[in-house]
Amino acid sequence: QVQLVESGGGLVQAGGSLRLSCAASGRSFSNYAMAWFRQAPGKEREFVAGTSWSGGSTYYGDSVQGRFTISRDNAKNTVHLQMNSLKPEDTAIYYCARDAAPGRDVVHFSQYAYDVWGQGTQVTVSS
């Protein structure tokens with residue numbers, strides 16, 4: 001059973017940057033699409049960014065397009081989220097998630113397409 005552990009969250013001022021990392025244990029990582037979601041208090045979980053299993057395709061939510069970059073290193077079983085030009089509205093708990101099916105070279109925007117989740121890491125952006 002694969003486990004996902006996020007790190008890199010914290011408190012940053014508006015306009016600053018953070019880099020989140022997600023480390024996967026086990027061998028079931030490299031052939032799965034991966035994604036980052038976030039959830040702010042009182043709001044639904046929101047798709048942030050995703051990468052196909054090969055890393056050849058990446059997708060972003062409208063609110064982060066042009067500011068965030070997702071990348072993966074299959075040799076190290078890690079996926080990263082580089083977040084630049086952070087805004088107070090980016091404040092949320094950020095979750096790493098693994099696609100429920102292997103080998104899909106597409107990224108799903110719905111949280112229900114993912115079956116393994118990390119515990120989350122808090123990102124707080126002050127104004």
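Fair warning: this is a prediction, and the values are worked out from it, not measured in the lab. (Residues numbered from 1 in each chain as written. Predicted model: local features only at pLDDT ≥ 70, side-chain atom pairs only at ≥ 80, totals over all residues. Heavy atoms only, no water.)

Peer 1: Sorry if this is basic, but what is going on with the side chain of R72 here?
Peer 2: Assignment of secondary structure puts R72 in strand β7 (residues 68-73). Nearest to the buried, unbridged R72 among oppositely charged side chains is D105, at 7.6 Å. Polar contacts involving the side chain of R72 include one to the main-chain carbonyl oxygen of Y32, which spans 2.8 Å. Polar contacts involving the side chain of R72 include one to the main-chain carbonyl oxygen of W53, which spans 3.5 Å. In contact with R72, other than residues within four places in its own chain, are F29, S30, Y32, A33, M34, T51, S52, W53, G55, T78 and V79. (Helix = DSSP H or I, 4+ residues; strand = E, 2+ residues; numbered from the N terminus. Buried < 20%, exposed > 50% of the residue type's maximum accessible area, 1.4 Å probe, protein only. Lys, Arg positive; Asp, Glu negative; His and termini not counted. Salt bridge = Lys/Arg side-chain N within 4 Å of Asp/Glu carboxyl O. Polar contact = N/O pair within 3.5 Å; in protein donor to acceptor, adjacent residues only side chain to side chain. Contact = heavy atoms within 4.5 Å.)

Peer 1: What is the right way to read the state of the cysteines from this model?
Peer 2: Any covalent bond linking the sulfur atoms of two cysteines counts as a disulfide. The full count for this structure, using the stated rule, is 1 disulfide. With a sulfur-sulfur separation of 2.1 Å, C22 is cross-linked through a disulfide to C96. The disulfide joining C22 to C96 has a torsion of about -75 degrees about its S-S bond and is therefore left-handed. A residue pair is termed long-range when its members are at least 10 positions apart, and C22 in strand β3 (residues 18-24) and C96 in strand β9 (residues 92-99) qualify at 74 residues. C96 carries the same exposure label as C22, and that label is buried. (Disulfide = S-S within 2.5 Å.)

Peer 1: Can you help me understand the pairing of β7 in this one?
Peer 2: Regular strands show a simple pattern: their side chains alternate between the two faces of the sheet. Burial along β7 is one-sided: F68, I70 and R72 are buried, and none of T69, S71 and D73, which face the opposite way, are. Alignment of β7 against strand β8 (residues 78-83), held across 6 bridges, turns out to be antiparallel. By the bridge assignment, R72 is partnered in β8 with V79. Here β7 folds back onto β8, and the loop between the two strands holds 4 residues, one of which, N77, carries a positive phi near 55 degrees. (Pairing = 2+ DSSP bridges.)

Interpretation note: all reported values are geometric properties and have no functional meaning in isolation.
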